[in-house]
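So the chains spell out like this:
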Amino acid sequence: MKRKFLFVLTALVLFIAAMPLSYAVNDEKSETVMTSQDELTFNEIEVKDVPEAVLKAAKKEHPDTEITEAREATVAGEKIYKLVLKNADGEEVIALYNSDGSNYTPNS
């Protein structure tokens, strides 16, 4: 019985430890997002300040949507852009891009 309990307890601890940690803190002009090892603090920017490569990538990946919000963060000296897009049905999509228009993947 004791072995079974220890096995279950160990499995539970390993499962919890393997899950990526994430949290978010919001205010009106900035947002901090923690995904595994990267902590990103996104600051609100105007859509007109988003690089053209990012805008083109968002339009290609999410046609028939409108950018309703743009935010910018810096990771290891590189700019990351978070776009909130809304489709005709009012559904929101969140997309993360590197400044060259490629998709941003945390911890890559």
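Quick caveat, the model's predicted, so the values are computed rather than measured.

### Overview of the overall build of the protein
Reasoning step 1: From N to C terminus, the protein includes 2 helices and 6 strands.
Reasoning step 2: The N-to-C order of helical and strand elements in the protein reads α-β-β-β-α-β-β-β.
Reasoning step 3: Looking at the protein as a whole, 28% of its 108 residues qualify as buried.
Reasoning step 4: If you take every contact in the protein between residues at least 6 apart in sequence, the share linking residues at least 24 apart comes to 40%.

### Remarks on unusual backbone geometry
Reasoning step 1: One non-glycine residue, Asp-64, lies in the positive phi region at around 60 degrees.
Reasoning step 2: Take Asp-64: it is sitting in the loop between helix H2 (52-61) and strand S4 (65-75).
Reasoning step 3: What makes Asp-64 exposed here is its relative accessible area of 69%.

### Some thoughts on the packing of aromatic side chains
Reasoning step 1: Overall, the coordinates contain 0 aromatic pairs when judged by the stated rule.
Reasoning step 2: Directly above the aromatic system of Phe-42 lies the positively charged group of Lys-82, at a separation of 5.9 Å from the ring centroid.

### Topic: H2
Reasoning step 1: Taken as a whole, H2 has its buried residues at Val-54, Ala-57 and Ala-58. In a view along the axis of H2, the buried residues occupy a sector of 100 degrees, so they form one face of it. Structural note: H2 exposes Glu-52, Lys-56 and Lys-60 on the side pointing more than 90 degrees away from its buried face.
Reasoning step 2: Contacts from the buried residues of H2 go to strand S5 (78-87) and strand S6 (92-98).

### Re the nonpolar core
Reasoning step 1: Among the nonpolar cores identified, the biggest contains 11 residues, and these are Ile-45, Val-50, Val-54, Ala-57, Ala-58, Ala-70, Tyr-81, Leu-83, Leu-85, Ala-95 and Tyr-97.
Reasoning step 2: Among residues more than four places away in sequence, those in contact with Val-50 are Ile-45, Leu-55, Ala-70 and Leu-83.
Reasoning step 3: Formed by 6 residues, the second largest nonpolar core is a distinct cluster that contains Leu-40, Phe-42, Ala-73 and Ile-80.

### Points about the environment of Glu-72
Reasoning step 1: Tracing the backbone through its elements, the reader meets Glu-72 in strand S4.
Reasoning step 2: Spatially, the C-alpha atoms of Glu-72 and Asp-49 are 9.7 Å apart, while their sequence positions differ by 23 residues.
Reasoning step 3: Among all residues touching Glu-72, those that are not within four sequence positions of it are Thr-41, Phe-42, Asn-43, Ile-45, Lys-79, Ile-80 and Tyr-81.
Reasoning step 4: Here the side chain of Glu-72 touches Tyr-81 through a polar contact of 3.0 Å, side chain to side chain.

The rules behind each value
Residues numbered from 1 in each chain as written. Predicted model: local features only at pLDDT ≥ 70, side-chain atom pairs only at ≥ 80, totals over all residues. Heavy atoms only, no water. Helix = DSSP H or I, 4+ residues; strand = E, 2+ residues; numbered from the N terminus. Buried < 20%, exposed > 50% of the residue type's maximum accessible area, 1.4 Å probe, protein only. Contact = heavy atoms within 4.5 Å. Phe/Tyr/Trp six-rings, centres within 6.5 Å; stacked < 30°, edge-to-face > 60°. Lys NZ or Arg CZ within 6 Å of the ring centre and 35° of its normal. Arc of directions from axis to C-beta. Core = buried A, V, L, I, M, F, W, Y, C linked by side-chain atoms within 4.5 Å. Polar contact = N/O pair within 3.5 Å; in protein donor to acceptor, adjacent residues only side chain to side chain.

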